Structure formats: structure tokens, C-alpha cells
Amino acid sequence: MLDIKLIRENPEDVKTRLKGKEIDCDEIIDRILVLDAERRDLIFKTENAKSEQNKVSKEIPQLKKQGADTTEVLARMNTLKEEIKSLDNQLKQVENEYNELMLSLPNLPDPDLKFGGKENNAPIRFFGSSRTLDFEPKNHVELCTELGLIDYTRGAKLSGNGYWIYRGMGARLEWALLNYFIEVHQLEGYEFVMVPHTLGYECGLAAGQFPKFKDDVYWIEAEEDQQRRFLLPTAETALVSLHMYEILTEAELPRKYIAYTPCFRREAGSYRAEERGMIRGHQFNKVEMFQVTKPEDSDAAFDELVTKAEMLVKNLGLKFRTVKLAAGDCSASMARTYDIEVYIPSMNGYKEVSSVSNARDYQARRGQIRFRREETGKIEYCHTLNGSGLATSRILPAIVEQYQQADGSVIVPQALRRYMRGKETITKDDIKRVTMKSPLSCG
RNA sequence: GGAGAAGUACCCAAGAGGCCGAAGGGGCUCCCCUGCUAAGGGAGUAGUGCGUGAUGAGCGCAGCGAGGGUUCAAAUCCCUCCUUCUCCGCCA
């Protein structure tokens, strides 16, 4: 949520900056300004009426004690009551529309970002290099299937398109990645938290995913609307809400968290042929990094998160790059975002494995996440930042493709071996050890 | 899943239609006393949100788990929901 004072004082400035996100909010902002004025006018009127109501109400018991006639006063009270009721209703209506519009406005992009969409994203750093191969490389779908790492067929059987099953060495590789991430983060002072995987509406609202993207998540039906929960699309949604409605002490900041969760996304209509395999699924695993900071510390925190994500990929020995997103490619809640993109040889392109963002006070305003500054005693909004550290569903394809050998085996990255009992190479022979004879013939 | 009880400030807690923005205690802050400590005496301590104002002081409105209702008037009466606790059932 944006600061209404900012909109009130510099509406044109806000409009211009939002245009950088490729969204024209001029009409919304003009409407907000009208509603804001109406709102304050109604508040003034209601409060005056209520003030009188309070005053008169105090007189009544005294009048009664004196035995005076109260019919006139009671009549006045009745009038006030009606007046207040009507004003309150008007105010409620105005505020409903006002809140709806305020919640619909995206965050302001940082001033240093390029305007426009994806086409203006700029790679700022490159890491690693491609091997020159003396054999025809396979893509990750072939490799994962042949090595028995991923069971796409049975995944689809269980839950449909967009789901897969990690099996045998595939499951161990996945688990090793997650353990590697979690361990590194903990060594660096991040608190490991395990959160519920189903969340209430407020969490999505605070994170900025709702109301706009409420159809992008899976909802769990419930008899009462209040009991409806959704499967989290990212642990960020849970972590933002951890300190919702809280006032933290300055000493408590920064809060640094990591969480591992599966992430559930509908990804309606986003399937592309090139994204087969596990490049885009309805469920994937992710370790999420999250920070709550003082406003003046969020830029440094952002750099820290980007560096952490880079180090994780770098230590896996993968070729990747870091991309500074243009304003229009940053998601609605974010003021700035850098993506870490890993190289997928078969796609001859880069795919996002981490997205690090600074929401500044946008989420904090929505979720009332605040702190008391010691020096002044004043309450201010915190800044929130998040970054994947990392999502595995594209790291694993990158590993198998970038580490594949002529004989179809895959070398296990050094960093992961300690989480795999020293395993150095995954070969087809590994399947025999873990696969049981299937009662069904599945391809 | 069923039955019951409860949710008041940093914590415990009184309060049962107007005299309640809310007793009392603990804690915390300040002051006094005692050489230090322990003990004692006194004063202060409702955050917050919103409106107004100069992002000050002040004033006003809301606020006793949340939302509705009854009433001239609600912490107090009624309804719905949420949460916590106890008991029973079911179970990884």
C-alpha cells in the first residue's frame, strides 16, 4: 500500500513513477483523491455528531437525578442517532471503495530502474562458463527419466499435468539441495522456520498478492468464508505475515528468516512447450529468505540477499547470471527485483532460480508491520525483503544438464556430496537399487 | 468431531447498563530515605488508529478478542465468528 499523504501531496509524481511499471493508474489516483476528500469530510461530520452525542449522554443521568424533564434531550439524542447512522453508512461506502483502490495500487518502482517490461531487463553479472562437449547433450527431461530421478508419468497419474515425483537418487538430490541451502543460511544467522502451508486471506493481502491474484492460488473449500484458506504460492506469503500487526523494538531488527516449503501455483494458461519437465509446475520446492529491516537498512539487506543467492548457485558450480529487472517486470508489491537465472543448455537460455526483491514499506503498510524507533519513540513502518534461496525446480535441471557426461551419467556437484553420503556420480545403475517392480506399466 | 469455561492495558486481575478510558496488584520509569544491598515512602505509567493542527502542543472520534444488534446510553444485555483452556471421542 502506498502512503496516502504521498498521493495527496504529489499525485503527478506518483502517476509518473507508476507508469514505469507499465500500468496506467491515473484514473485510480484521481478517484482516490476524490474519495479521500469525501472521506475526510464525512469523518469530520460524523465525529462532530458523535462528540455531541457523548456530551448530551453525560447530561442525562444528572438531569434524571434532578428530576428534570428529559423528553427534549432524548428527542435530540434520537435525531443524532439517525444522523450518525446515516453518516456512518456513507463513510463506510466511501471507505470501501477507497480501500479497494488503495489496495489495487502497485508499489512504486525505485527511481534507478529502467521503465518498461521484460525487454528492458539488464543482466548485470555473469558467473561460470559452458563446457565444450564432445558428445550430443541430452535435455533434463531425458536425463531425469533415464536416470530415474523424476517420474513424470506417475506424477501426472497422481495429480495431473504439472506434477512430478522425485524418486530414488532424484529425491536424494532434491533433498540434498534443500539441506545445503538451509544449512548455509543458518550458518549466516538466519532463523529457520517451518510455517503452515495453508494460509488465511489476510496473509495474501499483506504480501500484496491479493486481491488481484487471488485466482492464481489453490483455495481450500470451507463452509464459512472466514475459514477459507489457500495453499501458499511461496513461503514469502507466510513470512510477511509473521509480524503482521506487530510493533517491534528497534533492537529486534533486522529479523532474518528462512523457510522451506513446497509452493503451489495454478499457473493457469502459462504452459509452453519449452517449459516441459519441471521448469514450470503446480508444485515446487523452495527455500525462501526473508528480512524485516529498518528503512535505512533495506538497501544493504537487498545486496546481502542477492549475494547469498549468487553464492549458493556459484558453489554448485553452475553457469548463471544476475539480471536487474526493469520496473515493469517487477511484481506489483516490489520496488526493485534482481533475478538469478541459471543456464539451461537444452533451452539455450536462462531460467529464474531466484528472485530477490525489496518491497520497502509496501507490504509493511498492508500488514501493519512496524517498529518503535528508540531515539524518537515514534512508530515507523519496517521494510520487508524476500528472495529465493533457492527454488530447486530449475536448479536440478540445470545440474543434470550442465553436469552430464558422455555415458549419460551425471556428476554430483561437490557442494552436495556431503548431503548425499559422498555420492560422486549418478548413473543408471542407481535405479536398480531403488526401483521396485511396478504393478502398472507406465511407459 | 462433541460438551463446557474464558478472552479487559507489559503481566495478573476487578468491573454486571450512565459516576468507566476503565479499581487493585505486579512490573517498568522518576523522586525521597537508608554508607552499598535488601527493605521502605511518594509520583507517573492505554498502547494504537483516524481526524484536525506544522510530521509540535492541544483538541476530538474510535478502541475492553472481531463483527453485527438492542438502548437516549454498552466492557456490561443479545446474536455470529475467531482464539485459548478443560473434559470426552478419534487418531499420525
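In this report, we go over the structure that sits alongside the text. Everything numeric in this text was worked out from a predicted model, so none of it was measured.

Details of helix α4 (residues 71-104)
Here is step 1 of the chain: The first and last C-alpha atoms of α4 sit 49 Å apart over 34 residues, in line with the 50 Å expected at 1.5 Å per residue.
Here is step 2 of the chain: Where α4 is concerned, the buried positions are V73, M77, L80, I84, L87, L91, V94, Y98, L101, M102 and L103.

Notes on the pairing of strand β10 (residues 283-293)
Here is step 1 of the chain: The buried fraction of β10 is high, at ten of eleven residues.
Here is step 2 of the chain: For strand β9 (residues 255-264) and β10, the ladder comprises ten bridges, and the chain directions are antiparallel. For F264, the partnering residue across the bridge sits in β10 and is Q283.
Here is step 3 of the chain: Bridge analysis of β10 against strand β16 (residues 383-391) gives seven bridges, and the strand direction is antiparallel. Bridge pairing links Q291 to L385 in β16.

Examining the packing of aromatic side chains
Here is step 1 of the chain: Tallied over the entire structure, the rule returns twelve aromatic pairs.
Here is step 2 of the chain: Through a chain of ring-to-ring contacts, three or more aromatic side chains come together here, namely Y201, F210, W219 and F230.
Here is step 3 of the chain: Over the face of the ring belonging to Y98 we find R39, whose NZ or CZ atom lies 4.8 Å from the ring centre.
Here is step 4 of the chain: Above the face of the F302 ring, R336 is positioned so that its terminal group lies 5.5 Å from the ring centre.

Here's the deal with the protein's contact with RNA strand B
Here is step 1 of the chain: Near RNA strand B lie 21 residues; those nearest to it are E47, I60, K64, M77 and Q227.
Here is step 2 of the chain: What you see for RNA strand B is that sugar and phosphate hold 76% of its atoms within 4 Å of the protein.
Here is step 3 of the chain: Side-chain polar atom of R370 to a phosphate oxygen of RNA strand B: 3.1 Å apart, as the coordinates give it.
Here is step 4 of the chain: Here a phosphate oxygen of RNA strand B sits 3.3 Å away from a polar atom, N or O, in the side chain of R372.
Here is step 5 of the chain: Broken down by secondary-structure element, the contributors of at least two residues to the surface near RNA strand B are α3 (26-66), α4 and β14 (370-372).
Here is step 6 of the chain: Sort the elements by how many residues they give to the surface near RNA strand B and α3 lands first, with eleven residues.
Here is step 7 of the chain: Of the residues belonging to the surface near RNA strand B, the class tally is six nonpolar, six polar and nine charged.

Criteria and cut-off values
- Residues numbered from 1 in each chain as written.
- Chains lettered and ligands numbered in written order.
- Predicted model: local features only at pLDDT ≥ 70, side-chain atom pairs only at ≥ 80, totals over all residues.
- Heavy atoms only, no water.
- Helix = DSSP H or I, 4+ residues; strand = E, 2+ residues; numbered from the N terminus.
- Expected span 1.5 Å × (residues − 1).
- Buried < 20%, exposed > 50% of the residue type's maximum accessible area, 1.4 Å probe, protein only.
- Pairing = 2+ DSSP bridges.
- Phe/Tyr/Trp six-rings, centres within 6.5 Å; stacked < 30°, edge-to-face > 60°.
- Lys NZ or Arg CZ within 6 Å of the ring centre and 35° of its normal.
- Near = heavy atom within 4 Å.
- Polar contact = N/O pair within 3.5 Å; in protein donor to acceptor, adjacent residues only side chain to side chain.
- Nonpolar A, V, L, I, M, F, W, Y, C, P; charged D, E, K, R; others polar.

By themselves these figures say nothing about function.
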